[in-house]
Amino acid sequence: MTSLPELAGAAQARTRGRIEDHEVHPLSEGWQVAATPPGGCSHPDDLNAATWWPARVPGTAAAALQDAGAWQPGDAYDFDAEDWWFRTSFDAAPAGADEQVVLCLDGIATVADVYLNGARVLDSESMFATHELDVGVLLASTNELAIHCRALAPMLSARRRPRARWRTRLVANGLRFFRTMLLGRAPGVAPGPAAVGPWRAVRVERRRHVLVDQLQLRASLAGTEGELSVRGRLRSLGDSEVVSVAVELSRADDSLRGALSLTPTDGAIEVRGRLQVPDAALWWPHTHGEPSLYDASLIVSLATRSIAVDAGRVGFRSLQFGDGDEHDVEVDGVDLRVNGVPVFARGCVWTPVDAVGLAPAAKSLRSALEQVRDGGMNLLRIAGTSAYEDDAFHDLCDELGVLVWQDFMFANLDYPISDPAFHAAVTREARAVLARLAGRPSLAVLCGNSEVEQQVAMLGLDPSLGRGELFGELLPSLVRESCTDALYVPSAPCGGDLPFRTDRGISNYYGVGGYRRPLEDARRAEVRFAAECLAFSNVPDETAIERMHPGAPGDLVVHHPRWKAGVPRDAASGWDFEDVRDHYLQRLFEIEPAELRRVDHERYLELSRAVTGEVMAETLGEWRRAASPCSGALVLWLRDLAPGAGWGVLDDRGEPKVAYHHLRRALAPVAVWTTDEGLGGVLAHVANDRPAPLTAWLRVALYRDFGHRVDEAEQLIELPAHSTRHWDLEALLGRFVDAAWAYRFGPAPHDLIVASLESADKPAPGRGEGRPDRAILSQSMRFPAGRPLATESPARLGLAASLHDDEGAAMRLSVRSDRFAYGVRVHVPGFRAADDAFSVEPGGERSTLLLRRQDDAVYAGGWLTAINLAGRIKLSAQQPRIRSTSAEAGCPALDTAPEGPST
């Protein structure tokens, strides 16, 4: 049987929420999966001899085999080499007189056939396509649904035309003909598993009374007044007649409603209208304000009833880039301004939360995006090597105030846009994506591709070949058609005489990182905007290593094959990103990495965890200062796809690595940091991204021998909202002290500089000699004469801790130290420190919340370590006591006997 025609407007209709009286029946239970040789079975009736495993849908073949214990991440398995069949059964009734029954398939990877009760109802050739099929006449009381995903490997090896004008080493070049995800098929970067199967939801919808074919909501802002523009296309079912349609916005206890005009056309009704919103609550990225949202709905009045259509949520904000009409992205990069305020855009390249099944639980997705928010990040890039995220992701970005840079799913390859079928498929794909995203307040940038122009230029070809019709004409025209205010960027990187130059347009900056340039290169490169940067092999924590090699984690040294499987590398290169990390370990810590890991592997891992975070923080501080030409940077990437020391600042479980905590402090909306200006001394920079002015104490202190304070100064500063300023350290001190130890008239006068931003009105227990206690808002350390790597006993360091209940939701750990404690890490089984890998000023105190990893986690003790601590400090196994309402004197230790060998 030939495939059923798909419903018109299906992709647009699904961009908004439920319609009252429509029944939605997810088909997520009872699925099975089987592998067969390529082309070995052509119909569900041929599968009697197949071996079946239980399967999750939405999900993939890899997820099913992982659940069955037949495959694990890191195991070699080519999921593209076989055909995969998914099947389930479900009960349903044929469509009634005034209803429509639709089979919805939100995404199948990649080339697939779908059978319902033995009849082939769909052929699909794109992982990114969504499908809605009117199947009412095919339904029986019990129904069999089968999805056949064809083996991609034989198709990749087949000779296809037209011939590619360039080739890449990232992936198999035959993938340019197929609309599928490159992650999972990129050796060295993301080698597997390949996405195969119904990775998005499958469901049956029973629709009644009214259908929404298209619905476009666009919120705009003029001064303080918001305006919501509505365009849509409705159809009634049966005898229902649409009498009137109104749009309603509500927030808290307030609501506004406005009538829409109706125009009958081609058996449907076009609806249009505008709703004015006086003194609209503004949507901001969370770093700069509240991401205020309004609930939107359509009220459709029929002759006999009214029906509510959930139209999602909208936010009112203005989006501008540079000076508006004068902005040229290929010169100025992404100079983002929200509601007229310049925004230093910072974050990571997003990677799938569930890299195997591509179907994360709602709780896991929310947790991941809350980590983005809590990490001070305000922009995520969904790169062209990945897959489009679903509405749940974008709903959370709207809610949490996280901006989105959305690539269209193209990267590196020479795509056959001259082929009519490919052209039509790409047009449908882009329109569907834009219909879902174009009206969202979180959408900031739309990018044609990842690295196509760079790929062409680095091969010595004309960079204009990388733009052409697809990225220079088709996609920008579709973006304009969507009426979005997001910026369109043809490629990342792009701009300048060559697209990978850093001082023009958008760059992928790996000077500090893969190209092993000195840290000073971050300033010398004059980066305008880094769409990717700072890719390092970030070492995970000890529990992650134990999980990688259970029973004998000590055997998992950095040259073990299982360890190396998680380390990124460029294809056909004789180095990997651990070599890059070792370069900076030697440069910053003045230690020979190979010798260190030979004699003390654990110490090597400890310093390796620290160095990548410190390099990231130093570089981002350089770019965030007010005098920098850089307007933003995105670290590659947020979360590892597989266990190991990958690029992620979160591991594959979503647990923060040490690098995440360094980033969190460097990117905080209110932050202090320092820069070494050489003969110009040291500058203390303070950022206040918040919408209210900041009044705080800026304090700088200099120490010798990491314990003896030799100078100190403080100043009450006032920063306007959304501003960044700097102060010269020696101007604050009132005298020349060779702060950067640049003149070197003799031995270093100090080896530690502490810059603190302290609350002017919020006391806290801890430090204070002759001045009121103050809460630390932000703190930064600098080491003019080198880092403190010599280990000290707990008694000499004077490191101690206290633990308290924090209103029952978590526990608060306070850590104090008589001498400087460098890189203190908190190890409490079952708990995660909200702030970790921090340092404690001599005589100072830091505190952090301990958050349960699982709801049922029970505190049973733990320990502290530090880079310059011999052994570790044991925490009492007793339950913490309730915090006193008055400030405590000092910070008593909890069982602080040293434990374990000296490091």
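Residues numbered from 1 in each chain as written. Predicted model: local features only at pLDDT ≥ 70, side-chain atom pairs only at ≥ 80, totals over all residues. Heavy atoms only, no water.

Caption draft 1: How the structure looks around the overall build of the protein chain. Across its full length, the protein chain carries 18 helices and 45 strands. Taken over the C-alpha trace, the protein chain has a radius of gyration of 29 Å; the compact-globule value for 903 residues is 29 Å, and the two agree within 12%. Projected onto its principal axes, the C-alpha coordinates of the protein chain cover approximately 90 × 65 × 60 Å. Contacts in the protein chain between residues far apart in sequence, at least 24 positions, make up 69% of those at least 6 positions apart. Total accessible area computed for the protein chain in this model is approximately 35,300 Å², and 48% of it derives from carbon and sulfur atoms. Charged side chains of the protein chain number 95 positive and 123 negative; the gap between the two group centres comes to 3 Å. (Helix = DSSP H or I, 4+ residues; strand = E, 2+ residues; numbered from the N terminus. Rg over C-alpha atoms; globule rule 2.2 N^0.38 Å. Contact = heavy atoms within 4.5 Å. Areas by Shrake-Rupley, 256 points an atom, 1.4 Å probe, with all protein chains shown as cover. Lys, Arg positive; Asp, Glu negative; His and termini not counted. Charge placed at Lys NZ, Arg CZ, Asp CG, Glu CD.)

Caption draft 2: Spotlight on the packing of helix α7 (residues 420-437) against helix α9 (residues 468-481). It is the contact of α7 with α9, at a shortest axis distance of 10 Å, that shows an interaxial angle of 40°. Viewed along their axes, α7 and α9 adopt a mutual orientation that is oblique. For the crossing formed where α7 meets α9, the hand is right-handed. Listed contacts from α9 to H423, V426, T427, A430, R431 and L434 of α7 are E469, L470, L474, L475, L478, V479 and E481. Of the residues that constitute the contact of α7 with α9, the class distribution is eight nonpolar, two polar and three charged. (Axes fitted to C-alpha atoms, helices over the stretch in contact; angles between N-to-C directions. Parallel < 35°, antiparallel > 145°, perpendicular 65-115°, else oblique. Left-handed = near helix turned anticlockwise from the far one by under 90°. Nonpolar A, V, L, I, M, F, W, Y, C, P; charged D, E, K, R; others polar.)

Caption draft 3: The arrangement of the pairing of strand β6 (residues 112-116) in detail. The buried fraction of β6 amounts to five of the five residues, a majority that puts the element mostly inside the structure. Side chains of β6 alternate between two faces, with A112, V114 and L116 and D113 and Y115 buried alike. Bridging between β6 and strand β7 (residues 119-124) involves five bridges; their strand directions are antiparallel. The partner of Y115 across the bridge, within β7, is R120. (Buried < 20%, exposed > 50% of the residue type's maximum accessible area, 1.4 Å probe, protein only. Pairing = 2+ DSSP bridges.)

Caption draft 4: Examining the nonpolar core more closely. Formed by 126 residues in total, the largest nonpolar core has its most connected members in W350, F408, W563 and W623. The residues touching F408, leaving out its near neighbours within four places in the chain, are G384, Y388, A430, V433, L434, L446, C447, G448, N449, L475, V479 and Y488. In terms of nonpolar packing, the next biggest core, distinct from the first, is built from 35 residues, V33, L65, F79 and L133 among them. (Core = buried A, V, L, I, M, F, W, Y, C linked by side-chain atoms within 4.5 Å.)

Caption draft 5: Here's a closer look at the sheet that holds strand β12 (residues 225-236). Spatial ordering of the open sheet is given by β11-β12-β15-β14-β13-β16-β17, a layout of seven strands whose pairing is antiparallel. The open sheet has two free edges, formed respectively by β11 (210-222) and β17 (306-314), since each of these has just one partner strand. The mean angle between the axes of side-by-side strands here comes to 20°, regardless of whether they run parallel or antiparallel. Inspection of the sheet shows strand β14 (residues 254-265) paired to strand β15 (residues 268-277) by five bridges, in the antiparallel sense. Counterpart to P264 in the pairing with β15 is I269.

Caption draft 6: Geometry of the pattern of salt bridges. Within the structure shown, the criterion is met by 75 salt bridges. R235 is the partner of D213 in a salt bridge, and the nearest nitrogen-oxygen pair spans 2.6 Å. You can see D213 sitting in strand β11 and its partner R235 sitting in strand β12, a full 22 residues away along the chain. You can call R235 partly exposed: its relative accessible area is 27%. Taken together, the shared-partner salt bridges in this structure form one network comprising R699, R709, E712, E714, E758, R774 and E841. (Salt bridge = Lys/Arg side-chain N within 4 Å of Asp/Glu carboxyl O.)

Caption draft 7: Structural detail: unusual backbone geometry. With an omega dihedral of 5°, the bond running from V57 to P58 counts as a cis peptide bond. Along the chain, the position of P58 falls in the loop between β3 (53-54) and α2 (61-67). Cis geometry marks the peptide bond from A492 to P493; its omega dihedral reads 5°. Examined against the element boundaries, P493 turns out to sit in the loop between β25 (487-489) and β26 (507-509). Even without glycine at this site, H209 takes up a positive phi of about 70°. Summarising the element assignment, H209 is placed in the loop between β10 (202-208) and β11. Positive phi is not limited to glycine here, since L534 has a value of about 55°. Structurally, L534 is set in the loop between β27 (530-533) and α11 (542-548).

Caption draft 8: Main features of the confidence of the model for the protein chain. Per-residue confidence for the protein chain gives a mean pLDDT of 92; residues scoring 70 or more make up 94%. Segment residues 764-770 is flagged for pLDDT under 50; beyond a separation of four residues in sequence, or across chains, it makes 18 contacts in the model. Segment residues 882-903: pLDDT under 50, and 54 contacts once partners within four positions in sequence are set aside and those in other chains are kept. (pLDDT = per-residue confidence, 0-100.)

Caption draft 9: Layout of the sheet that holds strand β28 (residues 632-635). Strand order in the open sheet formed by eight strands is β25-β24-β23-β22-β21-β28-β27-β26, with parallel pairing between adjacent strands. Strands at the two margins of the open sheet, each flanked by one partner only, are β25 and β26. The average angle at which neighbouring strand axes cross in this sheet is 25°, direction not considered. Pairing between strand β21 (residues 345-350) and β28: four bridges, direction parallel. Bridged to R346 within β28 is A633. Seen against the sheet, helix α6 (residues 391-400) touches β21, β22 (379-382) and β23 (403-407) and runs at an angle of roughly 145° to β23.

Caption draft 10: Molecular detail of a nonpolar patch on the surface. A cluster of nonpolar side chains, contributed by L679, F736, Y743 and F745, occupies part of the molecular surface with about 490 Å² of accessible area. Relative to the helices and strands, F745 resides in the loop between α17 (729-733) and β34 (752-759). Among the residues examined, F745 registers a relative accessible area of 70% and is labelled exposed. (Patch = residues over 30% accessible without salt bridge, like charges linked within 9 Å, V, L, I, M, F, W, Y side chains within 5 Å.)

Caption draft 11: Here's a closer look at helix α15 (residues 601-624). Here α15 is 24 residues long and its end C-alpha atoms lie 35 Å apart, about the 34 Å a rise of 1.5 Å per residue gives. Across the 24 residues of α15, 21 count as buried, placing the element largely inside the fold. (Expected span 1.5 Å × (residues − 1).)

Caption draft 12: Molecular detail of the packing of aromatic side chains. In total, this model carries 25 aromatic pairs according to the counting rule given. Both rings, one in F831 and one in Y859, keep their centres 6.3 Å apart while their planes meet at 75°; by these two values the pair is edge-to-face. Of this pair, F831 sits in strand β39 (residues 831-833) while Y859 is found in the loop between β41 (844-852) and β42 (862-865), placing the two residues 28 residues apart along the sequence. For the pair F831 and Y859, one class covers both residues: buried. Among the aromatic residues, those joined into a ring-pair cluster are W71, Y77, F79 and W84. We note R872 situated over the ring of W863; from NZ or CZ to the ring centre the distance is 4.3 Å. (Phe/Tyr/Trp six-rings, centres within 6.5 Å; stacked < 30°, edge-to-face > 60°. Lys NZ or Arg CZ within 6 Å of the ring centre and 35° of its normal.)

Caption draft 13: Seen up close, the environment of T88. Take T88: it is sitting in strand β4 (residues 83-91). When its relative accessible area of 4% is taken as the criterion, T88 is described as buried. Leave out the neighbours within four places in its chain, and T88 touches E29, G30, W31, N143, E144 and L145. A polar side-chain atom of T88 sits 3.3 Å from the main-chain carbonyl oxygen of G30. (Polar contact = N/O pair within 3.5 Å; in protein donor to acceptor, adjacent residues only side chain to side chain.)

Caption draft 14: Molecular detail of the state of the cysteines. Counted under the stated rule, the structure contains zero disulfides. Considering cysteine sulfurs only, C149 is the nearest to C104, which forms no disulfide, with 18 Å between them. Looking at C533, it has no disulfide partner, and the nearest cysteine sulfur is the one in C630, 8.1 Å off. For C533, a relative accessible area of 0% corresponds to the buried category. (Disulfide = S-S within 2.5 Å.)

Caption draft 15: Quick look at α7. Taking 1.5 Å per residue, 18 residues should reach 26 Å; α7 reaches 26 Å between its end C-alpha atoms and fits that length. By the burial criterion, the buried members of α7 are F422, V426, T427, E429, A430, A432, V433, L434, A435, R436 and L437. Its side-chain oxygen placed 3.2 Å from the backbone nitrogen of A421, D419 serves as the N-cap of α7.

Caption draft 16: The arrangement of the environment of L133 in detail. Of note, L133 is situated in strand β8 (residues 131-134). You can call L133 buried: its relative accessible area is 0%. Through-space distance from the C-alpha of L133 to that of T385 is 29 Å; in sequence the pair is 252 residues apart.

Caption draft 17: Focus on a positive patch on the surface. A grouping of R159, R161, R163 and R167 is seen on the molecular surface, where their side chains present a positively charged patch. Topologically, R167 is positioned in the loop between α3 (153-157) and β10.

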